[in-house]
Amino acid sequence: AKTKLVNELDKLNLLNKTTEVVIFGCWYGSVLIPLISDKVKKITCIDEDDQAITIGRNRLFYKDNKVDWITGDVFEEYRDMFDTADIFINTSCEHMPPMNEWGVINKERKEPYKNPWWTRVPKDSHFAFTSNNMFDILGHTNCVNSIEEFKGQLPPAAEVLVEDELEDERGTRYLLIGKI
């Protein structure tokens, strides 16, 4: 599924030496980073799992100086690198709230932000999101039953450029790529 995602980004000519990528829910980065590192300028990996971030940073990719690592909740705060990111990748949508909730609610004050984050990122930013219908896997809190249901979780102004479904022995993986 991650190879398919990168191939589709390549077909759209979105990966190049000036591209800055933010990966939400990156885990160790062990699949995506090798697929895109030689193609892009910078990668920022964000995950709540400090152990995964530490292993990615200190064991797997310690020689790759174009990768930054952040332990944190992607929904928690707006980060400076979002201002220059060209592509936001989330291959963990089934593990977190819908992406249309990204930056909508200030968790501390439990109130809506006046300007959701997707309205603050560069106008030419793209997204590449995946989810699945594998409800029985531990930690999957936001699976979807169809690509249409998944599209319903996108920010309101998102324009879908690529949509695809990949079957495997556990279920269906859904891929959406587009403009924010």
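Residues numbered from 1 in each chain as written. Predicted model: local features only at pLDDT ≥ 70, side-chain atom pairs only at ≥ 80, totals over all residues. Heavy atoms only, no water.

## Here we look at the overall build of the chain
A count of helical and extended segments in the chain gives four helices and nine strands. Starting at the N terminus and walking to the C terminus, you meet the elements of the chain as α-β-α-β-α-β-β-β-β-β-α-β-β. Taken against the 2.2 N^0.38 rule, which gives 16 Å for 180 residues, the C-alpha radius of gyration of the chain at 15 Å falls within 12% of a compact globule. Its C-alpha atoms put the chain at 40 × 40 × 35 Å along the principal axes. Put simply, 63% of the contacts in the chain that link residues at least 6 apart link residues at least 24 apart. (Helix = DSSP H or I, 4+ residues; strand = E, 2+ residues; numbered from the N terminus. Rg over C-alpha atoms; globule rule 2.2 N^0.38 Å. Contact = heavy atoms within 4.5 Å.)

## Describing the sheet that holds strand β2 (residues 42-47)
Taken in spatial order, the seven strands of this open sheet run β3-β2-β1-β4-β7-β9-β8, and their pairing is mixed. Pairing within the sheet leaves two strands with one partner each, and these edge strands are β3 (67-71) and β8 (159-168). Averaged over all neighbouring strand pairs, the angle between strand axes comes to 15°, with direction disregarded. For β2 and β3, the ladder comprises five bridges, and the chain directions are parallel. Residue pairing across strands places I46 opposite I70, the latter belonging to β3. Sitting on the sheet, helix α1 (residues 2-11) is in contact with β4 (87-90), β7 (126-132), β8 and β9 (171-179), with an inclination near 25° to β9. (Pairing = 2+ DSSP bridges. Axes fitted to C-alpha atoms, helices over the stretch in contact; angles between N-to-C directions.)

## Digging into the pairing of β2
In terms of burial, β2 is a largely internal element, five of the six residues being buried. With helix α3 (residues 50-60) bridging β2 and its parallel neighbour β3, the resulting β-α-β unit is right-handed. (Buried < 20%, exposed > 50% of the residue type's maximum accessible area, 1.4 Å probe, protein only. Right-handed = clockwise from strand over helix to strand, strands pointing away.)

## Overview of α3
Along α3, the residues classified as buried are A52, I53, I55 and G56. Looking straight down α3, one finds its buried side chains confined to an arc of 165°; they lie on one side. Opposite the packed face of α3, turned more than 90 degrees from it, sit the exposed residues Q51 and R59. Of the surrounding secondary structure, the elements contacted by the buried residues of α3 are β2 and β3. (Arc of directions from axis to C-beta.)

## A few points about the nonpolar core
The tendency in soluble globular proteins is for nonpolar side chains to be buried side by side. In terms of nonpolar packing, the biggest core is built from 26 residues, with V22, F24, F82, F88, M99 and W102 touching the most fellow members. If you list the elements that add at least two residues to this core, you get β1 (20-24), β7, α4 (147-151) and β9. Once residues lying within four places of it in the same chain are set aside, the contact partners of F88 are V22, F24, F82, W102, V121, S125, H126, F127, A128, F129 and I180. With 24 residues, the next largest nonpolar core counts L15, I43, I87 and V162 among its residues. (Core = buried A, V, L, I, M, F, W, Y, C linked by side-chain atoms within 4.5 Å.)

## So, the packing of aromatic side chains
As enumerated under the stated definition, the model contains 13 aromatic pairs in all. Site record: aromatic cluster; members linked through ring pairs are F24, Y78, F82, F88, W102 and W117. Looking at R120, its charged tip hangs above the ring of Y78, at a distance of 4.5 Å from the centre. (Phe/Tyr/Trp six-rings, centres within 6.5 Å; stacked < 30°, edge-to-face > 60°. Lys NZ or Arg CZ within 6 Å of the ring centre and 35° of its normal.)

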